[in-house]
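# An overview of the molecular structure
Now for the letters of each chain:
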Amino acid sequence: MNIILLGPPGAGKGTQASHLVADRGMLQLSTGDMLRAARDAGTPVGLKVAAIMAAGELVSDDIVSALIDEKLATMPADQGAIFDGYPRTAAQAGALDTMRAADSLVVALIQVPDEAIVKRMSSRRVCDNCGLTQSVSPDSKSEEEDCPYCGGDLIVRPDDNPETVKTRLKEYHQQTAPILPYYRKKGMLKQVDGMADPDQVTRQIEAILVAL
Ligand code: AMP
């Protein structure tokens, strides 16, 4: 069984995906992570997308759908996929429909209002060593804090600055939200309260998977 985690940036898709990986042995397919890896490695795709990502805009549909397609091709057929940050446009949703993982697919919409997203993003940090995302107190100076898990430096993701967060939210409402009716009509869309505490959010998502 496969699941799409849909929701605005900062809704907790990545956190929830890592719980599903740990609890159910599913595979997380995060286009954001794939693109950051390509950017950091300086691959041709990475060079193409770096400025777009820094601006908080969306990378072209062809690039992200090809990344997903390639990853799915290497997965065992019986391993569940968690789509984290994909699809984000109608064209991507159409591309996913043609892929093997379109069978046995459910969509969990993690709902968090914009005001809460802006607040969350201002306290979001990522460890530059283990990559774990975590939350610090809003007035924290990131350079003064170390990762509690590995001791690495906690840094602000470059596209988590307030201006870029605004652009990312705009992209979400303009490009991603319009695909919700598509999944709703097909009976695939399940709502999740993203304002609940993270363990409760996990339980809501587990309940969706169990009912599949
Ligand atoms: P994320 O980590 O999912 O917030 O993604 C970080 C950035 O990568 C986004 O702001 C986009 O620039 C790009 N990106 C990630 N996934 C997609 C996607 N499915 N379609 C287009 N751009 C994407």
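Just so it is clear, the model here is predicted, and its values are computed rather than measured. (Residues numbered from 1 in each chain as written. Predicted model: local features only at pLDDT ≥ 70, side-chain atom pairs only at ≥ 80, totals over all residues. Heavy atoms only, no water.)

## Comments concerning the packing of aromatic side chains
Tallied over the entire structure, the rule returns two aromatic pairs. For the pair Phe83 and Tyr86, a centre-to-centre distance of 6.4 Å together with 40 degrees between the ring planes defines the contact as tilted. This pair shows no difference in class: Phe83 is buried, exactly as Tyr86 is. (Phe/Tyr/Trp six-rings, centres within 6.5 Å; stacked < 30°, edge-to-face > 60°. Buried < 20%, exposed > 50% of the residue type's maximum accessible area, 1.4 Å probe, protein only.)

## Some points on the site of the ligand
Residues in close proximity to the ligand total 16 residues, the closest being Thr31, Glu57, Gly85, Arg88 and Gln92. Within the contact set of the ligand, an oxygen atom lies 2.5 Å away from a backbone nitrogen or oxygen of Glu57. Arg168 has a polar side-chain atom sitting 3.0 Å from an oxygen atom of the ligand. Expressed as a share of its isolated accessible area of 480 Å², the protein-covered part of the ligand is 96%. A total of four residues in the shell around the ligand trace back to one element, the largest contributor, which is helix α2 (residues 31-41). (Near = heavy atom within 4 Å. Polar contact = N/O pair within 3.5 Å; in protein donor to acceptor, adjacent residues only side chain to side chain. Areas by Shrake-Rupley, 256 points an atom, 1.4 Å probe, with all protein chains shown as cover. Helix = DSSP H or I, 4+ residues; strand = E, 2+ residues; numbered from the N terminus.)

## A few points about the packing of helix α6 (residues 114-122) against helix α7 (residues 162-176)
Their axes nearest at 11 Å, the elements α6 and α7 cross at an angle of 145 degrees. The two elements α6 and α7 cross, and the hand of that crossing is right-handed. Contact with α6, carried on its side by Asp114, Ile117, Val118 and Met121, involves Val165, Arg168, Leu169 and His173 of α7 and no other residues of that element. Looking at the contact of α6 with α7 residue by residue, the class counts come to five nonpolar, one polar and two charged. (Axes fitted to C-alpha atoms, helices over the stretch in contact; angles between N-to-C directions. Left-handed = near helix turned anticlockwise from the far one by under 90°. Contact = heavy atoms within 4.5 Å. Nonpolar A, V, L, I, M, F, W, Y, C, P; charged D, E, K, R; others polar.)

## Notes on the environment of Ser135
Locating Ser135 in the fold gives a position in strand β6 (residues 133-135). By relative accessible area, which is 60% here, Ser135 ends up exposed. Sequence separation between Ser135 and Ser122 is 13 residues, and the spatial gap between their C-alpha atoms is 8.9 Å.

## Digging into helix α1 (residues 13-24)
Its twelve residues give α1 an end-to-end C-alpha distance of 16 Å, which sits within 8% of 16 Å, the value for a rise of 1.5 Å per residue. For α1, the complete set of buried residues consists of Lys13, Gln16, Ala17 and Leu20. Looking straight down α1, one finds its buried side chains confined to an arc of 105 degrees; they lie on one side. Packed against the buried residues of α1 are β1 (2-6), β2 (27-30), β3 (81-84), β4 (105-111) and α9 (198-210). The positive-phi residue at the C-terminal boundary of α1 is Gly25, with phi of around 65 degrees. (Expected span 1.5 Å × (residues − 1). Arc of directions from axis to C-beta.)

## Focus: the sheet that holds strand β7 (residues 154-155)
Across the sheet, three strands lie side by side as β6-β5-β7; this open sheet has antiparallel pairing. The open sheet is flanked by β6 and β7, the only strands paired with a single partner. Sheet analysis places strand β5 (residues 124-127) next to β7, joined by two bridges and oriented antiparallel. Residue pairing in the sheet places Cys127 in a bridge with Leu154 of β7. (Pairing = 2+ DSSP bridges.)

## Focus: the nonpolar core
If you look at the biggest cluster of nonpolar residues, it comprises 31 residues, and the most contacted ones within it are Leu72, Phe83 and Tyr183. The set of elements that each furnish at least two residues to this core consists of β1, α2, α3 (44-55), α4 (61-73), β3, α5 (90-97), β4 and α8 (180-185). For this core, the element with the most residues is α4, which contributes five residues. Not counting chain neighbours up to four residues away, the residues in contact with Leu72 comprise Leu29, Ala81, Phe83, Met99, Arg100 and Ala101. Counting 22 residues, the second-largest nonpolar core is a separate cluster that includes Ile3, Ile82, Val165 and Leu209. (Core = buried A, V, L, I, M, F, W, Y, C linked by side-chain atoms within 4.5 Å.)

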